[in-house]
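# Coordinate analysis (summary)
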Amino acid sequence: MASVPRPAATLILLRHGLEVLMLQRVQTAAFLGGAYVFPGGSLDPEDHSSHRVLGLTGAQANERLKVSSGGLAYYVAAVRECFEEAGVLLACEKDGKPVSAKRAESLLHWRKKPFRNMLEAEDLYIPAGELAYYGHWVTAPGRSRRFDTRFFVAIAPEGQRGSHDAGETVHDIWTTPREALERCERGEIELVHATQVSLKDLSRFSEPRAAYDYVRALPEIEENRACWAQGKDGPKIFRRADPAYFEIHWSDPDETGETTYDIIPGTPKHLDRWVTRITAPNPGVMTGPGTNSYIVGDTAVIDPGPALDSHLEKLLQVKKLKFILCTHTHLDHSPAAALLKAKTGAKMLGRPAPAGQDATFKPDIVLENGQRVELGEITLRAIHTPGHASNHVCYMLEQTKMLFTGDHVMQGSTVVINPPDGDMRAYLQSLERLLGEDIAIIAPGHGYLIGVAHKELRRLIAHRLNRERKVIAALERLGRSSLDEMLPLVYDDVPERMHRVAARSLTAHLEKLVADGAMRLRNGAYTLVK
């Protein structure tokens with residue numbers, strides 16, 4: 001099991017011209033030796049006991065940082081470390097008046113003494129309300145020291161330049177984020193990943209107040225907890241933006257680094273105690289690495305996939321199979337169901353195939369919305385989610401809150417909505433319905449597990465509505481026009497080779513807009529309703 005990260009805090013100071021204060025850590029430091037960093041460090045016990053804080057209550061700090069207790073200590077630590085490491089004092093008097101640069105300079109002899117003692121002796125307070133919470137970074141397993149660090153942003157106190165402490169740090173610079181990144185690219189300075197990401201984000205601004213206001217308005221700060229996994233290319237580190245990130249954390253909660261990042265058709269991937277994924281050997285543009293079949297408990301298979309002998313052989317290794325559940329009846333998801341039933345006698349569950357889909361899927365039990373399937377210690381609940389297909393069903397594993405989404409939500413791309421069975425209005429309504437569910441992780445029909453489920457659902461809704469706005473904008477520009485005339489404008493962000501596929505979803509958007517009364521169709525051409 002990986003070591004437990006130590007709580008820490010970092011403070012990014014901003015001054016005119018949007019410069020940030022950075023310190024170079026001593027080369028012999030046990031953590032990030034030689035790297036340029038923002039002032040910061042571990043929480044001290046005294047940070048939890050400080051009562052000289054203004055502008056923020058303990059409850060407010062806990063809520064903002066999403067901790068049960070001790071949130072205010074991170075704010076205190078950020079200010080304390082900035083003073084001790086960088087010689088910049090972000091403090092005020094009881095009435096909120098900032099400490100002057102002259103007075104701050106006179107207090108530098110306190111840098112090596114207990115910070116709380118200085119506050120009490122000088123009757124000063126920490127203006128915690130002026131710190132904007134910005135980031136949450138956790139050191140990857142494997143380092144000799146790990147930190148669970150909260151990043152904060154503040155406007156630098158007027159007139160205080162600061163300086164390194166000649167102990168843990170050996171150099172200090174005020175630099176623009178862009179200059180720091182360029183120096184890193186040239187190999188002149190070392191910046192770790194979290195620092196680079198922060199600098200890139202802040203480099204969009206030219207003045208400190210604009211950057212500060214942006215940070216202040218961030219609605220939610222996400223944890224970035226780098227993790228290791230194994231695969232054909234050897235051990236690799238994964239960060240939040242990487243597709244495999246959430247799956248690695250779900251399948252390796254102890255951070256051993258022993259889980260795999262590869263999706264290999266035919267090779268079982270144990271996702272957790274109850275669920276194993278076997279991916280079918282049908283990779284492609286529409287299927288990604290292949291169709292995911294999920295073995296749930298030791299009695300059920302969700303989406304047995306295409307009728308491929310090698311894949312069927314893997315699924316037949318489920319010795320106690322009782323139930324075969326399908327999310328829908330497209331040919332990459334359900335054809336193996338009838339074959340699996342013939343071999344095992346297991347019952348098929350789902351909803352009947354619409355015309356033109358897999359006619360071999362004839363469910364023994366037609367599932368209704370909310371119907372439960374008991375699998376011994378665990379339970380699956382059906383959620384009817386029409387849109388991609390009229391008979392589409394998602395399945396909630398209620399004990400772990402893993403949602404099997406078939407093609408309603410898939411990793412790596414958006415799904416095609418193909419009328420007449422596909423319906424864009426129904427699809428959006430089904431996405432909205434899932435926002436009412438408590439979902440811990442999404443197990444899609446293609447690709448890796450998807451984390452932060454509600455954020456992904458909202459992203460998909462926003463994506464479709466933005467596409468709808470592009471349809472209207474195209475029609476406003478072109479006037480009366482056909483689907484083919486609108487297609488290159490509406491999907492100008494999609495490679496032209498994919499436009500024929502995109503035309504199916506465009507048809508669905510147009511049908512929705514006609515049904516909504518926003519436009520009309522006559523003789524193959526569309527016009528906006530004024």
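All values derive from a computational prediction rather than experimental measurement.

## Things to note about the pattern of salt bridges
- By the definition in use, this model includes 38 salt bridges.
- Lysine 401 is the partner of aspartate 438 in a salt bridge, and the nearest nitrogen-oxygen pair spans 2.5 Å. Placement of aspartate 438 in the loop between α12 (424-434) and β24 (441-444) and of lysine 401 in the loop between β22 (393-397) and β23 (402-406) is noted, with a sequence separation of 37 residues between them.
- Aspartate 438 gets classed as partly exposed once you look at its relative accessible area, which sits at 48%.

## Regarding helix α7 (residues 193-202)
- The set of residues buried in α7 consists of Ala194, Thr195, Ser198, Leu199, Asp201 and Leu202. Mapping the buried residues of α7 onto a view down its axis gives an arc of 160°, with all of them on the same face.

## Quick look at the packing of aromatic side chains
- In total, this model carries 8 aromatic pairs according to the counting rule given.
- Here the aromatic rings of phenylalanine 83 and phenylalanine 115 are separated by 5.9 Å at their centres, their planes lie at 45°, and the arrangement is tilted. Taken as a pair, phenylalanine 83 in helix α3 (residues 71-86) and phenylalanine 115 in helix α5 (residues 115-122) lie far apart in primary sequence, 32 residues in all.
- Phenylalanine 83 gets classed as buried once you look at its relative accessible area, which sits at 1%.
- Judged by centre distance (5.7 Å) and plane angle (40°), the rings of tyrosine 133 and phenylalanine 152 are tilted.

## Topic: the side chain of arginine 111
- Locating arginine 111 in the fold gives a position in the loop between α4 (101-106) and α5.
- Residue classification places arginine 111 among the buried residues on the basis of a relative accessible area of 12%.
- Among the polar contacts made by the side chain of arginine 111, one reaches the main-chain carbonyl oxygen of phenylalanine 83 at a distance of 3.3 Å.
- A distance of 3.3 Å separates a polar atom in the side chain of arginine 111 from the backbone oxygen of glutamate 84.
- Leaving out residues up to four positions away in the same chain, arginine 111 has contacts with Phe83, Glu84, Glu85, Ala86, Gly87, Ser163, His164 and Asp165.

## Focus: the pairing of strand β2 (residues 19-25)
- Summarising burial for β2: 7 of the 7 residues are buried, a large majority.
- A two-sided burial pattern is seen for β2, the buried positions comprising Glu19, Leu21, Leu23 and Arg25 on one face and Val20, Met22 and Gln24 on the other.
- Counted along the chain from strand β1 (residues 6-15) to the antiparallel partner β2, the turn is 3 residues long, and its residue glycine 17 has a positive phi close to 75°.
- Sheet topology places β2 next to strand β9 (residues 169-175); 6 bridges connect them, and they run antiparallel. Paired with leucine 21 across the strands is tryptophan 174, a residue of β9.
- Pairing analysis gives 2 bridges linking β2 to strand β3 (residues 36-37), with the strands arranged antiparallel. Paired with glutamine 24 across the strands is tyrosine 36, a residue of β3.

Reading the values: rules and limits
- Residues numbered from 1 in each chain as written.
- Predicted model: local features only at pLDDT ≥ 70, side-chain atom pairs only at ≥ 80, totals over all residues.
- Heavy atoms only, no water.
- Salt bridge = Lys/Arg side-chain N within 4 Å of Asp/Glu carboxyl O.
- Helix = DSSP H or I, 4+ residues; strand = E, 2+ residues; numbered from the N terminus.
- Buried < 20%, exposed > 50% of the residue type's maximum accessible area, 1.4 Å probe, protein only.
- Arc of directions from axis to C-beta.
- Phe/Tyr/Trp six-rings, centres within 6.5 Å; stacked < 30°, edge-to-face > 60°.
- Polar contact = N/O pair within 3.5 Å; in protein donor to acceptor, adjacent residues only side chain to side chain.
- Contact = heavy atoms within 4.5 Å.
- Pairing = 2+ DSSP bridges.

Worth remembering: the numbers are spatial, not functional.
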